[in-house]
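Working through the structure, step by step
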Amino acid sequence: MRKFRVYFGYLILILIAISMIYPFLAMVNLSFVRNDAIFSQAGNLFYTGLTLDNYKNVFTQIPLARYFMNSLIVAVITTFGQVVFASMAGYAFARLKFLGRDVLFLIILITMLIPPQVNIIPLFFLMRELHLIDTYSALILPGLFGGFGIFMMRQYFLNYPKELEDASRIDGCNIFESFFRIALPLALPTIVTLALFTFVTTWNSFMWPLIVTNSEGMRTLPVGLTIFKGSFREITLWGELLACSVICTIPVIGVFLFGKKYFINDILQGGVKE
């Protein structure tokens, strides 16, 4: 009976995996199909008459390389800044004692309860007053700080062994050396997990880049592809859109494959209780 439950559980997991993988494989396959044959081949996972025309056309019809580079610049800088600031703030809230620490952390937690859409209008007016509209600064600055990242890093540093901190002080390390040389390397799995979440969220962000960018040269991939889709009134170039979608997923998949080892380790650490 126990083996039956195990096999049944594996069967359910396999079915769930197939249901999630199949749409992606179908998207990749159809991105190589001509526009006039896409709907007739939509139900086929494998199609023999493949062509690269969709990928060639999309680079000539829109500045896809520019969109891609804009998204990459914004996502990389935002992820790096989020990791740095969240790690330092999380360590301070977890290990340091200062006036108003708990109250300030409570305020940060409250900001996590506010829907992001509520902050869009105040942020837009702030960017406009600072003359940052249609710049990388407007796309990057709001994403450098986040309550989720601070909360996540604080929870890790709360379990940081105090003995290591005391030993580093005895060896002559100040608070910054103790943080950068000892605490930060030990937090690598949590840092990679935060980086993955931040990169994917920033890469897929649509509403904020749509609002603060005006010129075509500053558009990110989600905004550029949406405008590209809406620019055709009579016919939608599904092949080109599918090719763009495949290109959009490449960095996300690459980042996950690069950090999956640390990401899985962080999940396992969170599931083990002493």
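**Points about the nonpolar core**
Residues Ile62, Leu64, Trp203, Leu221, Leu225 and Cys244 are the most contacted members of the largest nonpolar core, which totals 25 residues. Taken together, the elements giving at least two residues each to this core come down to helix H1 (2-30), helix H2 (53-61), helix H3 (64-95), helix H10 (188-203), helix H12 (221-230) and helix H13 (238-271). A per-element tally of this core places H13 first, with eight residues. The residues contacting cysteine 244, other than those within four sequence positions of it, are Val58, Ile62, Leu64 and Leu225. Counting 20 residues, the second largest nonpolar core, distinct from the first, contains Tyr156, Phe157, Ala183 and Ala195.

**Thoughts on the confidence of the model for the protein chain**
Mean pLDDT over the protein chain stands at 84; residues scoring 70 or higher make up 90%. Of all the helices and strands in the protein chain, H13 carries the lowest mean pLDDT, 75, while helix H6 (residues 136-140) carries the highest, 93. The low-confidence segment residues 270-274 (pLDDT under 50) makes zero contacts with residues lying over four places distant or belonging to another chain.

**A short note on the environment of alanine 138**
Tracing the backbone through its elements, the reader meets alanine 138 in helix H6. Looking at alanine 138, the relative accessible area reads 0%, which means it is buried. If sequence neighbours within four positions are ignored, alanine 138 has contacts with Met127, Leu132, Trp208 and Val212.

What counts as what
Residues numbered from 1 in each chain as written. Predicted model: local features only at pLDDT ≥ 70, side-chain atom pairs only at ≥ 80, totals over all residues. Heavy atoms only, no water. Core = buried A, V, L, I, M, F, W, Y, C linked by side-chain atoms within 4.5 Å. Buried < 20%, exposed > 50% of the residue type's maximum accessible area, 1.4 Å probe, protein only. Helix = DSSP H or I, 4+ residues; strand = E, 2+ residues; numbered from the N terminus. Contact = heavy atoms within 4.5 Å. pLDDT = per-residue confidence, 0-100.

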